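Breakdown of the fold
Here's the letter readout for the chains.
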Amino acid sequence: MEGIRGFGELGVTINPASNKGLIFDFGIKGLLGDGFRGAWANAEMKYLF
C-alpha cells in the first residue's frame, strides 16, 4: 500500500437542561487520501421517554 490515507470524525451531543428526554446529536466524518476524498455529516434529534 502506497500513499497517505486518513480518516477523521468529530461530533457533539447536546442534552438541554430544560428537557431531560431530548437529545441532539451532530457529527461530521472525513476521508482523505491519494486520489479520493469524501465527507459525511449527520444531524439527529432523539426524544427518550
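Residues numbered from 1 in each chain as written. Predicted model: local features only at pLDDT ≥ 70, side-chain atom pairs only at ≥ 80, totals over all residues. Heavy atoms only, no water.

1. Quick word on the overall build of the protein chain
To keep things clear, this is the line we draw: In DSSP terms, a helix is any run of H or I states spanning at least four residues, a strand is any run of E spanning at least two, and both are numbered starting from the N terminus. Each residue's exposure class comes from its accessible area (1.4 Å probe, protein chains only) as a fraction of the maximum for that residue type: buried when under 20%, exposed when over 50%, partly exposed otherwise. Should any heavy atoms of two residues lie within 4.5 Å, those residues are counted as being in contact. Using a 1.4 Å probe, accessible areas were evaluated by the Shrake-Rupley method; residue-level cover was limited to the displayed protein chains. The convention is simple: Lys and Arg are positive, Asp and Glu are negative, and His and the chain ends are not counted. To locate a charge, take atom NZ for lysine, CZ for arginine, CG for aspartate or CD for glutamate.
Check the secondary structure of the protein chain and you find zero helices and three strands. In terms of overall dimensions, the protein chain has a C-alpha envelope of 50 × 15 × 10 Å along the principal axes. Sorting the 49 residues of the protein chain into buried and exposed places 10% on the buried side. In the protein chain, of all internal contacts separated by at least 6 residues, the share reaching a separation of at least 24 is 27%. Approximately 4300 Å² of the protein chain is accessible, and the part contributed by carbon and sulfur atoms is 60%. Seen as two clouds, the 5 positive and the 5 negative side-chain charges of the protein chain have centres 7 Å apart.

2. With respect to the pattern of salt bridges
Applicable threshold: For this document, the term salt bridge refers to a Lys or Arg side-chain nitrogen within 4 Å of an Asp or Glu carboxyl oxygen.
Evaluation of the coordinates by the stated rule reveals one salt bridge. In this structure, E44 engages K46 in a salt bridge whose closest nitrogen and oxygen atoms are separated by 3.5 Å. Given a relative accessible area of 36%, E44 falls into the partly exposed group.

3. Quick word on the sheet that holds strand β3 (residues 36-47)
Short version of the rule: Think of it this way: DSSP has to see at least two bridges between two strands before they count as a pair. Every angle, taken between N-to-C directions, lies between 0 and 180 degrees, and every axis is a line fitted to C-alpha atoms, over only the stretch in contact when it is a helix.
Strand order across the open sheet formed by three strands is β1-β2-β3, with antiparallel pairing between neighbours. With one partner strand each, in any of the chains shown, β1 (5-14) and β3 form the two edges of the open sheet. Direction aside, neighbouring strands of the sheet carry axes that sit 10° apart on average.

4. Details of the environment of V12
Here V12 lies in strand β1. The sequence separation of V12 and D25 amounts to 13 residues, and the corresponding C-alpha distance is 6.0 Å.

Taken by themselves, the reported measurements are silent on function.
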